[in-house]
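The lines below spell out each chain.
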Amino acid sequence: MLNIVIFGAPGSGKGTQSELIIKKYGLDHISTGDILRGEIENQTELGKIADKYIAKGHLVPDELIIAMLSSILDTHPHNKGFIFDGFPRTLAQGEALDKILRDHSTSIAVTINLSVDEAELTKRLLKRGEIAGRSDDNIDTIHSRLEVYRKQTEPLLAYYKKQGKLIGIQGNGSVDDIFEKVSEALDRINK
Ligand code: B4P
């Protein structure tokens, strides 16, 4: 199985590049952000709780996210592999993902880290806020999400680097140029 984590700050292009990766490599996409937005839309118990955190730009508690992810993997048929988009976002989530995958006799092949400067991240998210009207794409929430990313999510980079699984990709530039670099990296691993 080719299991990939796509990593980066809010607005770095995780969702955008994931769409292209699943088309080319036939992987299944697990975006915790998309799943949570679906739960909010359907007003489930999880959705009601998640909404309060997402609206403030905070992370949804680890135990809820880990249980959600674990049940998705338990019910999912075997496939070519997963792309994990927006998960893990904390060290506890990273460790939990490794354990869940181990229980399914598989593991993470690679973590792709998209680096984009903060001015560009803010510009992209504000633009998406205007077009798509996502409740968390406003200036106050964006600042909070970037701070949460620096404090809670960025430390995971060292976790994957230590495992020799981290590939850094410059995420400024056109979507197609970035995808070319992502593809080159994945083709090297997927030989
Ligand atoms: P996500 O849905 O993961 O939101 P995101 O970080 O903003 O990234 P996304 O993938 O949507 O956007 P992308 O960078 O592709 O999470 C939302 C919230 O859910 C979190 O803040 C958190 O509260 C909660 N949550 C989710 N997962 C969680 C977890 N594991 N634990 C706890 N809480 C969790 O794209 C952004 C914009 O940039 C798009 O409009 C796109 O068109 C544009 N763009 C992309 N690439 C570009 C490029 N190269 N040039 C110009 N624009 C580009």
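Our subject is the structure that appears above.
Residues numbered from 1 in each chain as written. Predicted model: local features only at pLDDT ≥ 70, side-chain atom pairs only at ≥ 80, totals over all residues. Heavy atoms only, no water.

*Asks:* What is the right way to look at the packing of aromatic side chains in this model?
*Replies:* Following the criterion strictly, the structure yields three aromatic pairs and no others. Between Phe82 and Phe84 the ring centres are 5.7 Å apart and the planes differ by 40°, which places this aromatic pair in the tilted class. We note that Phe82, like Phe84, is buried. Ring centres of Tyr159 and Tyr160 lie 5.2 Å apart, and the angle between their planes is 75°; this geometry places the pair in the edge-to-face category. Tyr160 carries the same exposure label as Tyr159, and that label is buried. (Phe/Tyr/Trp six-rings, centres within 6.5 Å; stacked < 30°, edge-to-face > 60°. Buried < 20%, exposed > 50% of the residue type's maximum accessible area, 1.4 Å probe, protein only.)

*Asks:* Please explain the pattern of salt bridges as it appears in this structure.
*Replies:* Oppositely charged side chains are able to pair whenever their charged atoms sit close together. Within this structure, the stated rule accounts for 13 salt bridges. The partner of Lys24 in a salt bridge is Asp187, with the nearest N and O atoms 3.6 Å apart. Highlighted residues: Lys24 in helix 1 (residues 14-25) and Asp187 in helix 9 (residues 175-189), separated in sequence by 163 residues. Accessibility expressed as a relative area gives 45% for Lys24, which makes it partly exposed. Among the salt bridges present, the one from Arg134 reaches Asp136, with a minimum N-O distance of 3.0 Å. Within the structure, one salt-bridge network assembled from shared partners comprises Arg128, Arg134, Asp136, Asp137 and Arg145. (Salt bridge = Lys/Arg side-chain N within 4 Å of Asp/Glu carboxyl O. Helix = DSSP H or I, 4+ residues; strand = E, 2+ residues; numbered from the N terminus.)

*Asks:* Teacher, can you tell me more about the site of the ligand here?
*Replies:* Residues in close proximity to the ligand total 28 residues, the closest being Gly13, Thr32, Arg37, His58 and Arg145. Within the backbone of His58, a nitrogen or oxygen atom sits 2.7 Å from an oxygen atom of the ligand. In the environment of the ligand, an oxygen atom lies 3.2 Å from a nitrogen or oxygen atom belonging to the side chain of Arg134. Elements with a contribution of two residues or more to the shell around the ligand: helix 1, helix 2 (32-41), helix 6 (118-132) and helix 9. (Near = heavy atom within 4 Å. Polar contact = N/O pair within 3.5 Å; in protein donor to acceptor, adjacent residues only side chain to side chain.)

*Asks:* It is not clear to me how the nonpolar core should be interpreted in this structure. Could you clarify?
*Replies:* Soluble, globular proteins show a tendency: their nonpolar side chains are buried together. Core analysis: the biggest nonpolar cluster contains 30 residues, and Val5, Leu36, Leu69, Leu73, Phe84 and Leu97 have the highest contact counts within it. Mapped onto this core, the elements with two or more residues apiece are strand 1 (4-8), helix 3 (45-56), helix 4 (62-75), strand 3 (82-85), helix 5 (91-103), helix 6, helix 7 (139-153) and helix 8 (156-162). (Core = buried A, V, L, I, M, F, W, Y, C linked by side-chain atoms within 4.5 Å.)

*Asks:* What is the right way to look at the layout of surface pockets in this model?
*Replies:* Rolled over the atoms, a probe as big as a water molecule pinpoints where empty space is left. In this structure, the largest pocket spans a volume of roughly 930 Å³. At the level of secondary structure, the elements contributing two or more residues to the lining of the largest pocket comprise strand 1, helix 1, strand 2 (28-31), helix 2, helix 6, helix 7 and helix 9. Split into classes, the residues belonging to the lining of the largest pocket amount to 18 nonpolar, 18 polar and 12 charged. Forming the walls of the second largest pocket are Glu120, Lys123, Arg124, Lys127, Arg128 and Ile131. For the lining of the second largest pocket, the per-class residue count stands at one nonpolar, no polar and five charged. (1 Å grid on protein atoms, 1.4 Å probe; cavity = no way out; pocket = protein on both sides within 12 Å on 5 of 7 lines; lining within 4 Å. Points joined across faces, edges and corners; volume = space filled by probe spheres on them. Nonpolar A, V, L, I, M, F, W, Y, C, P; charged D, E, K, R; others polar.)

*Asks:* Quick question: what am I supposed to make of the pairing of strand 3 here?
*Replies:* Each regular strand displays side chains that alternate between the two surfaces of the sheet. Burial along strand 3 is two-sided: Phe82 and Phe84 and Ile83 and Asp85, pointing in opposite directions, are all buried. Two elements, strand 1 and strand 3, share three bridges in a ladder whose sense is parallel. In the strand pairing of strand 3, Val5 is matched with Phe84. In the sheet, strand 2 pairs with strand 3 via four bridges, with the strands oriented parallel. Across the sheet, Ser31 pairs through a bridge with Asp85, a residue of strand 3. (Pairing = 2+ DSSP bridges.)

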